[in-house]
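Chain residues, written in single-letter form:
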Amino acid sequence: MAELNVITSMLDDLSQEQPIQTALCIGQDLAQVDTDSTIHWHYFNVTDFLSLPFTQRYDLAFVLFDTLEAIDITEIQKSQLLVKLRDLMAKRIVVVSSLQDEKLLRSLGFTQLIDKTSHESNFALWQFNILNYKHVPDWFNSKFWANPENWNKYRW
């Protein structure tokens, strides 16, 4: 699988940005990829994960849709899986998917890490990070809202 090299380098980069103690993977066993033994991995298939109750929030989640397409999951299951991961189970999500899943991933707030025109194979790399998923606009601060220096000077 060509994506294993990308995943190995990405794990190193992600652990440098934010510490990763717990991680979950849906779609494939990443034991041969993980060189860092400090990450405690949990592996699930789609049906087991969708029925899993919320018990803890993981630092990282890897979803490998290209291996899941071999077992033929539906678009609804993909959407349910990503929403459950995004809203409950993981702080950061990395998805390896085919190029046809772009519409679904963009609609759920994922950003594309690898541009689809930069490689010849049919996969794309996406991420969702709850800590920086939305850019805070410049005007969204107390400077432009309260203006205490103008109190009792002007009538609004």
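Since the structure is predicted, the reported quantities are computational estimates derived from the model, not experimental observations. (Residues numbered from 1 in each chain as written. Predicted model: local features only at pLDDT ≥ 70, side-chain atom pairs only at ≥ 80, totals over all residues. Heavy atoms only, no water.)

K.L.:
Now, about the packing of aromatic side chains: what can you tell me, with residues and values included?
P.N.:
For the structure shown, the criterion picks out four aromatic pairs. Considering the side-chain rings of F44 and F49, the 6.1 Å spacing of their centres and the 55° angle between planes classify their relative orientation as tilted. Between F110 and F128, the aromatic rings sit 5.6 Å apart at their centres with planes inclined by 50°, giving tilted as the arrangement. Highlighted residues: F110 in the loop between helix 5 (102-107) and strand 5 (111-114) and F128 in strand 6 (residues 124-129), separated in sequence by 18 residues. The same class applies to F110 as to F128, namely buried. Put simply, the rings of W41, Y43 and F62 touch in pairs and so form one group of aromatic residues. The lysine or arginine in question, K84, covers the ring of F49, its NZ or CZ lying 5.3 Å from the ring centre. (Phe/Tyr/Trp six-rings, centres within 6.5 Å; stacked < 30°, edge-to-face > 60°. Helix = DSSP H or I, 4+ residues; strand = E, 2+ residues; numbered from the N terminus. Buried < 20%, exposed > 50% of the residue type's maximum accessible area, 1.4 Å probe, protein only. Lys NZ or Arg CZ within 6 Å of the ring centre and 35° of its normal.)

K.L.:
Please give an account of the sheet that holds strand 6 that cites residues and values.
P.N.:
An order of 2-1-3-4-6-5 is seen for the six strands of this open sheet, with the pairing classed as mixed. In the strand order of this sheet, the two ends are held by strand 2 (40-44) and strand 5, each with one partner. Averaged over all neighbouring strand pairs, the angle between strand axes comes to 25°, with direction disregarded. Direction of pairing for strand 3 (residues 58-64) relative to strand 4 (residues 90-97): parallel, over a ladder of six bridges. (Pairing = 2+ DSSP bridges. Axes fitted to C-alpha atoms, helices over the stretch in contact; angles between N-to-C directions.)

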